[in-house]
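Coordinate inspection notes
Listed below, chain by chain, are the residues.
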Number of protein chains: 2
Amino acid sequence: MAWQGLIDRYRERLDIAQGAEPISLCEGNTPLVPAPFLSKLIGAEVHLKYEGLNPTGSFKDRGMTTAITQAMFEGAESVICASTGNTAASAAAYAARAGLKCIVLIPDGKIALGKLAGAIAYGAEVVAIRGSFDDGLKMVRDVTRHAPIALVNSVNPARLEGQKTAAWEVTEQLGQCPDWLCLPVGNAGNISAYWMGFHQVKQSPQLLGAQAAGAAPIVRGHVIENPETFATAIRIGNPARWAQAEDALRESNGKILAVSDSEILKAYQLLAQREGVFCEPSSAAGVAGLMKEAEDRPDDFIGRKIVCVLTGHGLKDPDTAVGQNLTPTIINADVNELLKHLERDTK
Amino acid sequence: MAWQGLIDRYRERLDIAQGAEPISLCEGNTPLVPAPFLSKLIGAEVHLKYEGLNPTGSFKDRGMTTAITQAMFEGAESVICASTGNTAASAAAYAARAGLKCIVLIPDGKIALGKLAGAIAYGAEVVAIRGSFDDGLKMVRDVTRHAPIALVNSVNPARLEGQKTAAWEVTEQLGQCPDWLCLPVGNAGNISAYWMGFHQVKQSPQLLGAQAAGAAPIVRGHVIENPETFATAIRIGNPARWAQAEDALRESNGKILAVSDSEILKAYQLLAQREGVFCEPSSAAGVAGLMKEAEDRPDDFIGRKIVCVLTGHGLKDPDTAVGQNLTPTIINADVNELLKHLERDTK
């Protein structure tokens, strides 16, 4: 039978209303792609959980199917979220499918084009605020206390219910629980959800979380007032799930570390140009963290089964891909010009 | 066991070198998403084959896994293609994974941003030509006669071998062969490949092909010198697989028709805003064709099982999504401003 999405697949393990009709876009079931180049580099068996192949291009769809399903069941007519972009696109898509109005708050001027495009295409009302993601989250938490609108940020527990399914998929696809799971940490909803999922089936890898050096509140131990990184999806200074992330890290015997933007960029390029897997910059933070930690403590990783979560597709942020490179060579539509160009190229 | 891509799944049915080591990004296995809004509109059971969830964001990955696998087996060191964008990104990704050099020829200034971003990110050499896709295809066919470079456009038979797997997936997922399969027609490789796939298992739906009105050579019966449509992926005036497309249409008792850019845009918006499925503009041509034909001849469609192929993800062309809409409302990071905005909104 065809894959019908996460609620259809895992309903009995999810804490959502049992009578609710699933709102699904056939999310989940994303590939676990072997990473031969990274495997050789580290001397381990590395796989990439390619969450960018969810319907709206990011892992957020896992939690959104449950959040919107629950909101519909509870009679919501509109939903709202604050977002660095991926949550916005996902909320907009599932709201459109459910026939709900969707309002998204984004930090003005700090959203990757592909993310904004999604939210707009799905028909959401996009409101840009003169402030950060953290400001936006505070605003939507406030506003949903005063207006009959459902909040679908990851502070909504139904979001984590769906999101935790990724932990089960990883273990099912690998045929066993991995030794390490590496992932970027922004608002810390995802690391919390993976931990919930692993905890529920009583088998967890060590978690390796990576924050961008300019937006690393958990690593630093304090709120970052003005978080900065080109990896916009994790440009968050005060994670909503901070305490849960710390629990997850401690209980899984895990680690969290900061990686610089240049380390993230290097991992981003390696993934695309060596593995053939294009992810958004923030997604590469988990891989950057793995590469850094494996260099410092190789024995913790050699021979292990390692899964790196790539949270979003590279197409979410086309400007980063194009921006690093020059404009293409332009030639006339003449085969001799092409031959000359190719010859010059091989000299 | 985890999904390991199309060659792993279907090898015995594919005409590629049996000893070849698969170069795969776990392509295929894309969801067949139910389309409740379209189903109601047409009075049929409509599903969307969401090919935008292949690794590089389009259906091209199906044929590229077989083409690059075959090229590697034959000892290629570099590959080349002409492309409106999707083939370029796909060739670049699989070449990167195989460690091959990749050169892509694109029509200058007529490529959607998300497609160019992919090709560049995967490390391909992008050469823009002052000419059309058709000019580019002629150039790469010529050049591969003079230089030791493998051609990976869909004139390469290994491309269609992989591409035909989509026909089998559709039938497996639906639990039966659909009555109609609707899809956009550009270079006509995809409709030819579906036909090959259905023909091989001796069961085919009626094929409904749609060309953009400004780039409809098969509908018009003659080459279009200067094809024009905003659906860049099907802006092709002289399809390489023209004769095979006509065979497929005739033998499947199918149809081909032209749809205007405004009909394509309407279908594109309906898909995103009603079904929650964001595809690239050209992908919506098949749905536009279905809507048009079902209005003219409703009895041919009522009660039928219909699959529409959405060839690429909407993220491939973010500018089309953003371009149609105004810039977002901007407010201060103040919950009262947000409440005021929401109240005004509901009046």
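Use the structure listed above.
Below: a short report on this structure. (Residues numbered from 1 in each chain as written. Chains lettered and ligands numbered in written order. Predicted model: local features only at pLDDT ≥ 70, side-chain atom pairs only at ≥ 80, totals over all residues. Heavy atoms only, no water.)

**Regarding the packing of helix α12 (residues 261-275) of chain A against helix α13 (residues 284-296) of chain A**
Residue and element names in this part refer to chain A.
- With their axes 8 Å apart at the nearest point, α12 and α13 run at an angle of 105 degrees to one another. With respect to each other, α12 and α13 are oriented roughly perpendicular. Where α12 abuts α13, its residues Glu263, Ile264, Lys266, Ala267, Tyr268, Leu270 and Leu271 lie against Ala284, Ala285, Val287, Ala288, Met291 and Lys292.
- Along the lines of polarity and charge, the residues of the contact of α12 with α13 split into ten nonpolar, no polar and three charged. (Axes fitted to C-alpha atoms, helices over the stretch in contact; angles between N-to-C directions. Helix = DSSP H or I, 4+ residues; strand = E, 2+ residues; numbered from the N terminus. Parallel < 35°, antiparallel > 145°, perpendicular 65-115°, else oblique. Contact = heavy atoms within 4.5 Å. Nonpolar A, V, L, I, M, F, W, Y, C, P; charged D, E, K, R; others polar.)

**Thoughts on the interface of chain B and chain A**
- Across the contact, 75 residues belong to chain B and 75 residues belong to chain A.
- Interface area, chain B with chain A, both sides summed: about 6400 Å², of which 66% is carbon and sulfur.
- The three residues of chain B that bury the most area against chain A are Arg97, Arg130 and Leu315 of chain B, which together make up 10% of that side's buried surface.
- Between chain B and chain A we count two salt bridges in total.
- Across the pair arginine 97 of chain A and glutamate 275 of chain B runs a salt bridge, and its minimum N-O distance is 3.9 Å.
- Seen at the junction of chain B and chain A, the total is 20 residue pairs in polar contact (both at pLDDT 80 or more).
- Tallied by class, the residues present in the side of chain B that touches chain A amount to 44 nonpolar, 18 polar and 13 charged.
- Inspection of the sheet shows strand β11 (residues 329-332) of chain A paired to strand β5 (residues 125-130) of chain B by four bridges, in the parallel sense. Among the inter-strand pairings, threonine 329 of chain A is bridged to a residue of β5 of chain B, identified as valine 127 of chain B. (Buried area = accessible area lost by both parts, 1.4 Å probe. Salt bridge = Lys/Arg side-chain N within 4 Å of Asp/Glu carboxyl O. Polar contact = N/O pair within 3.5 Å; in protein donor to acceptor, adjacent residues only side chain to side chain. Pairing = 2+ DSSP bridges.)

**Structural notes on the pattern of salt bridges**
- Tallied over the full model, the rule gives 28 salt bridges over all chains.
- For lysine 164 of chain B, the salt bridge is made with glutamate 161 of chain B, and the minimal N-O distance between the two is 2.8 Å. Taken individually, lysine 164 of chain B and glutamate 161 of chain B each receive the classification buried, so the pair is uniform in this respect.
- Of the charged contacts in the structure, one is a salt bridge between arginine 235 of chain B and glutamate 228 of chain B, with a shortest N-O distance of 3.2 Å.
- On the accessibility criterion, arginine 235 of chain B (14% relative accessible area) is buried.
- Via salt bridges that share partners, Lys49, Glu51, Arg62 and Glu169 of chain A belong to a single interconnected network. (Buried < 20%, exposed > 50% of the residue type's maximum accessible area, 1.4 Å probe, protein only.)

**Considerations on unusual backbone geometry**
Residues and elements named next belong to chain A.
- Although it is not a glycine, cysteine 26 adopts a positive phi angle of roughly 65 degrees.
- Mapped onto the fold, cysteine 26 is located in the loop between α1 (6-10) and β1 (32-34).
- Although it is not a glycine, lysine 202 adopts a positive phi angle of roughly 60 degrees.
- Tracing the chain through its elements places lysine 202 in the loop between α9 (189-200) and β8 (206-212).
- For lysine 202, a relative accessible area of 74% gives the class exposed.

Taken by themselves, the reported measurements are silent on function.
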